[in-house]
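Given next are the chains, with one letter for each unit.
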Amino acid sequence: MSDFKPLVFSGVQPTGNLHLGNYLGAIRKFVALQENNDCIYCVVDLHAITAQLVHDDMPNQIRSIAAAFIASGIDPKKHIVFNQSAVPQHAELAWIFNCVARIGWMERMTQFKDKSGGKNAEQMSLGLLAYPSLMAADILVYRGTHVPVGDDQKQHLELARDIAMKFNIDFMEHIRKTGYGVDIKVGEEPVHAYFPMVEPLIDGPAPRVMSLRDGTKKMSKSDASDLSRINLMDDADAISKKIRKAKTDPDALPGEVDGLRGRAEADNLVGIYAALADKTKSQVLEEFGGQQFSVFKPALVDLAVNVLAPISGEMRRLMDDTSHIDGILRDGGERARARADVTMKQVREIVGFLQ
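Keep in mind it's a predicted model, so treat the numbers as computed, not measured.

A.B. asks: I keep staring at the packing of helix 3 (residues 58-72) against helix 13 (residues 293-320) and nothing clicks. Help me out?
C.D. replies: A packed helix pair is summarised by two numbers, namely the angle formed by the two axes and the spacing between the axes. With their axes 9 Å apart at the nearest point, helix 3 and helix 13 run at an angle of 135° to one another. With respect to each other, helix 3 and helix 13 are oriented oblique. Seen from above, helix 3 lies across helix 13 with right-handed handedness. Residues Asn60, Arg63, Ser64, Ala67, Ala68, Ile70, Ala71 and Ser72 of helix 3 pack against Ile311, Glu314, Met315, Leu318 and Met319 of helix 13. Among the residues forming the contact of helix 3 with helix 13, the class breakdown is eight nonpolar, three polar and two charged.

Right under this line is the structure:
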């Protein structure tokens, strides 16, 4: 091999209702990336049981994520859409990576510290601690080169690079003997690598969409208040109600981005408008600077309904006929397994397992 073939991989957990933050921070990027890239998009159901073991309706949660992918514009024929548990090679590679990664690496993950509450770490599942190792396997079982991620996943992606690098260095001579490697440079260090150094794809004016009720907190599926988020299945009336009730402050919108500092709710709504309209915050403020929220909110309602209502309508249509969704996931799973099987046969040879 002379180089790693570019491939985009990402996944979404089937837990709770997808919301505007998931759409702007992830799914909309997925749609844009498919135009010029080979893409694999996954419903990561194995990850869903790390924090909550028992789910009431996992099958329909999986289907709803796939429906959101397709309703948003992802083409499951040109690219691959599947659920993670349908490809056992994810878990197989994750075990090898568990042996490559160090416990200290996992314990330093901010998300684990946040979810475990520090003192409660011993009560957390081993799966939650090893979550980033499985995430690395998700990407690297396809030798993925790029991952669209939010700010909260950057640390996990850095860990995936660390795991890939350690595997490449530990098995470098084995990789060279099998002939499956690629000569790369990591910094100034030449490495004969099997796995690529994955690169994050982070862009857009609203990489983190905040709660409509508290601009200092991320929009979340788990927030007790449904008014805090716009769900992708919300109809036009619900979208309008939530935006009109969104928390703001009494001042007019500023004319420049610097004027949004210290105004979390205003910054959030301007960022949402910018992302939905494919504009910068500066461009939005050029149009609405000096206006009160009584003018800005109705404009945001019209924009949000125009963008999101067709998606929610198509999602509802797809969920009414689950056989279509199931067929897409089965086809995607078969195509993903074929790719992952090639990787795992080579990894087993590199590691030294008898096949």
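Having seen the model, we can carry on.
A.B. asks: Explanation requested: the pattern of salt bridges in the structure shown.
C.D. replies: Once their charged atoms are close, side chains differing in charge can pair, the charge on each being opposite to the other. A full pass over the atoms with the stated rule returns 16 salt bridges. In this structure, arginine 28 engages aspartate 278 in a salt bridge whose closest nitrogen and oxygen atoms are separated by 3.7 Å. Remark: aspartate 278 occurs in the loop between helix 11 (264-277) and helix 12 (281-288) and arginine 28 occurs in helix 1 (residues 20-33); sequence separation between them is 250 residues. On the accessibility criterion, aspartate 278 (64% relative accessible area) is exposed. Linked through salt bridges whose partners overlap, the residues forming this network are Asp226, Arg229, Asp234 and Lys242.

A.B. asks: Help me understand the environment of glutamate 199, please; the structure alone is not making it clear to me.
C.D. replies: By the element assignment, glutamate 199 lies in strand 7 (residues 199-201). Spatially, the C-alpha atom of glutamate 199 lies 23 Å from that of aspartate 45, the residues being 154 residues apart in sequence. When neighbours within four sequence positions are excluded, glutamate 199 is seen to be in contact with Thr145, His146, Val147, Leu157 and Arg161.

A.B. asks: Hey, could you run me through the nonpolar core in this one?
C.D. replies: Soluble globular proteins tend to bury their nonpolar side chains together. Counting residues in each nonpolar core, the largest one holds 63 residues, and the members touching the most others are Leu20, Tyr23, Phe69, Leu276, Phe296 and Leu308. Each residue touching phenylalanine 296, except ones within four places of it in the same chain, is listed here: Leu253, Leu269, Val270, Tyr273, Val284 and Phe288. Core analysis: the next-biggest nonpolar cluster, separate from the first, contains 55 residues, Tyr142, Val147, Phe195 and Met197 among them.

A.B. asks: Which parts of the structure should I look at to understand a nonpolar patch on the surface?
C.D. replies: Taken together, the side chains of Ile49, Leu53 and Val54 present a nonpolar region at the surface, about 310 Å² in accessible area. Looking at where isoleucine 49 falls in the secondary structure, it is placed in the loop between helix 2 (45-48) and helix 3. Judged by relative accessible area, isoleucine 49 falls into the partly exposed class, the value being 36%.

A.B. asks: So what exactly am I meant to see when it comes to the side chain of asparagine 168 here?
C.D. replies: With respect to the element layout, asparagine 168 can be found in helix 8 (residues 154-170). By relative accessible area, which is 0% here, asparagine 168 ends up buried.

A.B. asks: I'm lost on the pairing of strand 2 (residues 39-43) in this one. Help?
C.D. replies: Regular strands show a simple pattern: their side chains alternate between the two faces of the sheet. A large share of strand 2 lies buried, amounting to five of its five residues. Neither face of strand 2 is open: one carries Cys39, Tyr41 and Val43, the other Ile40 and Cys42, and all of them are buried. Sheet analysis places strand 1 (residues 8-12) next to strand 2, joined by five bridges and oriented parallel. Looking across to strand 2, one finds that valine 12 is bridged to valine 43. As paired elements, strand 2 and strand 3 (residues 80-83) share four bridges and run parallel to each other. Each residue of the ladder has a partner; that of cysteine 42, found in strand 3, is phenylalanine 82.

A.B. asks: Just checking my understanding: could you explain empty space enclosed by the protein for this structure?
C.D. replies: In this approach a probe as big as a water molecule rolls over the atoms, and the regions it shows empty are the leftover space. One pass over the full model with this rule turns up two cavities of 30 Å³ or more. Reported here for the second largest cavity is a volume of approximately 40 Å³. What lines the second largest cavity is simply Leu20, Leu212, Ile230, Ile243, Leu269, Ile272, Leu276, Leu300, Ala304 and Leu308. Split into classes, the residues belonging to the lining of the second largest cavity amount to 10 nonpolar, no polar and no charged.

Cut-off values and rules
Residues numbered from 1 in each chain as written. Predicted model: local features only at pLDDT ≥ 70, side-chain atom pairs only at ≥ 80, totals over all residues. Heavy atoms only, no water. Axes fitted to C-alpha atoms, helices over the stretch in contact; angles between N-to-C directions. Helix = DSSP H or I, 4+ residues; strand = E, 2+ residues; numbered from the N terminus. Parallel < 35°, antiparallel > 145°, perpendicular 65-115°, else oblique. Left-handed = near helix turned anticlockwise from the far one by under 90°. Contact = heavy atoms within 4.5 Å. Nonpolar A, V, L, I, M, F, W, Y, C, P; charged D, E, K, R; others polar. Salt bridge = Lys/Arg side-chain N within 4 Å of Asp/Glu carboxyl O. Buried < 20%, exposed > 50% of the residue type's maximum accessible area, 1.4 Å probe, protein only. Core = buried A, V, L, I, M, F, W, Y, C linked by side-chain atoms within 4.5 Å. Patch = residues over 30% accessible without salt bridge, like charges linked within 9 Å, V, L, I, M, F, W, Y side chains within 5 Å. Areas by Shrake-Rupley, 256 points an atom, 1.4 Å probe, with all protein chains shown as cover. Pairing = 2+ DSSP bridges. 1 Å grid on protein atoms, 1.4 Å probe; cavity = no way out; pocket = protein on both sides within 12 Å on 5 of 7 lines; lining within 4 Å. Points joined across faces, edges and corners; volume = space filled by probe spheres on them.

Nothing here speaks to function; it is all geometry.
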